Amino acid sequence: MQAGKEFDVSHLKHLIIAGVLCAAPLGNAVAQSVESPWIVHVGAHVVDPKSNTGDLAGLSSSTTRSLRPSVSVEYLLTPSWSVELLAALPFQHDVRLDGQRAVGVKQLPPVVGVNYRFLAGQTVSPFLGVGVNYTHFFDTKGHNALDGTNVSLGDTWGIAWHGGVDIALNARWTFTVDARWIDIDSKVKVDGARVGTAHLDPWVYGVSVGYRF
């Protein structure tokens, strides 16, 4: 990752976190007028990295997609504004070099952010949001040419854009289709030597059912 990009993302990350923290006390007061401000969503999401994730050790890399169960907890500050935390079971990917499997890795990409619903209270309500992602890579193993080597992918911070549609099934239950674009650029090392940066930048898309209480 270039130094300028790290500077911009880092400062944006802190601005978003500060905004969420500043909004939280307001939410305590406003939520008194929001009936049932908590929503728990349970569903499944796919992490789908872009097709070309950069060159590693001079070889073209790509990363497979992964589907896992997901859960998010959302708190309504107002009928339109909310704060949300997204989590999931660990996603598992294969990193391929020139088409050949080279690395297996697991990752956890929790996201915290804010959402705005354009038609709050309506049966169909589109929304947009923005947040901060922290991706933790672990259980990394080399395969084929990298079998027996010590491969590592560095953890990352990045911005996460969010959008989707809520469909109210009744006063408590909601069906949601959503997608996120997450900035993930991980430094890759083999036996302690850096061999490049994996520019994953995935789309994360899926469906969920939410219960409001």
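Attention in this report is confined to the structure presented alongside it.

So, how was this worked out
- Residues numbered from 1 in each chain as written.
- Predicted model: local features only at pLDDT ≥ 70, side-chain atom pairs only at ≥ 80, totals over all residues.
- Heavy atoms only, no water.
- Core = buried A, V, L, I, M, F, W, Y, C linked by side-chain atoms within 4.5 Å.
- Buried < 20%, exposed > 50% of the residue type's maximum accessible area, 1.4 Å probe, protein only.
- Contact = heavy atoms within 4.5 Å.
- Helix = DSSP H or I, 4+ residues; strand = E, 2+ residues; numbered from the N terminus.
- Polar contact = N/O pair within 3.5 Å; in protein donor to acceptor, adjacent residues only side chain to side chain.
- Phe/Tyr/Trp six-rings, centres within 6.5 Å; stacked < 30°, edge-to-face > 60°.
- Pairing = 2+ DSSP bridges.
- Axes fitted to C-alpha atoms, helices over the stretch in contact; angles between N-to-C directions.
- Salt bridge = Lys/Arg side-chain N within 4 Å of Asp/Glu carboxyl O.

## Let's talk about the nonpolar core
So, point 1. If you look at the biggest cluster of nonpolar residues, it comprises 22 residues, and the most contacted ones within it are Val-103, Phe-137, Leu-146, Val-151, Ile-182 and Val-188.
So, point 2. If near-sequence neighbours (up to four positions away) are discounted, Leu-146 is found in contact with Leu-97, Ala-102, Val-103, Val-151 and Val-190.

## Topic: the environment of Glu-74
So, point 1. Relative to the assigned elements, Glu-74 resides in strand β4 (residues 66-76).
So, point 2. Separated by 38 residues in the primary sequence, Glu-74 and Val-112 have C-alpha atoms spaced 9.7 Å apart.
So, point 3. Setting aside anything within four residues of it in sequence, one finds Glu-74 in contact with Pro-37, Trp-38, Ile-39, His-41, Ser-82, Val-83, Glu-84, Asn-115 and Arg-117.
So, point 4. Separated by 2.9 Å, the side chains of Glu-74 and His-41 make a polar contact.

## Let's talk about the packing of aromatic side chains
So, point 1. Evaluation of the coordinates by the stated rule reveals six aromatic pairs.
So, point 2. When the centroid spacing of 4.6 Å and the interplanar angle of 55° are considered together, the rings of Trp-38 and Tyr-75 count as tilted. Within this pair, whereas Trp-38 is found in strand β1 (residues 38-48), its partner Tyr-75 is found in strand β4, the two being separated by 37 residues in sequence.
So, point 3. Here the aromatic rings of Trp-173 and Tyr-211 are separated by 4.8 Å at their centres, their planes lie at 55°, and the arrangement is tilted. Here Trp-173 is found in strand β12 (residues 173-182), whereas its partner Tyr-211 is found in strand β15 (residues 203-212), with 38 residues between them in sequence.

## Structural notes on the sheet that holds strand β13 (residues 185-190)
So, point 1. Strand order across the open sheet formed by three strands is β10-β13-β14, with antiparallel pairing between neighbours. Two strands in the sheet have a free side with no partner beyond their single neighbour: β10 (151-153) and β14 (193-199). Direction aside, the axes of adjacent strands within the sheet are offset by 20° on average.
So, point 2. Where β10 and β13 come together, three bridges link them in antiparallel fashion. In the strand pairing of β13, Val-151 is matched with Val-190.

## Let's talk about the environment of Ala-160
So, point 1. Here Ala-160 lies in strand β11 (residues 156-168).
So, point 2. In the structure, Ala-160 is positioned 22 residues away from Ile-182 in sequence and 4.4 Å away in space, judged by C-alpha atoms.
So, point 3. Beyond its immediate sequence surroundings of up to four residues, Ala-160 is in contact with Val-111, Gly-129, Val-130, Gly-131, Asn-133, Trp-181 and Ile-182.

## Comments concerning the pattern of salt bridges
So, point 1. Applying the stated criterion to the full structure yields eight salt bridges.
So, point 2. Put simply, Arg-101 and Asp-94 hold a salt bridge, and the shortest N to O gap is 3.2 Å.
So, point 3. Residue classification places Arg-101 among the partly exposed residues on the basis of a relative accessible area of 32%.
So, point 4. According to the relative accessible area criterion, Asp-94 is buried, its value standing at 17%.
So, point 5. Put simply, Arg-117 and Asp-166 hold a salt bridge, and the shortest N to O gap is 2.6 Å. Here the residue Arg-117 occupies a position in strand β8 (residues 111-117), and Asp-166 occupies one in strand β11, the gap between them amounting to 49 residues. We note that Arg-117, like Asp-166, is buried.
So, point 6. Through salt bridges with shared partners, one network takes in Glu-74, Arg-117 and Asp-166.

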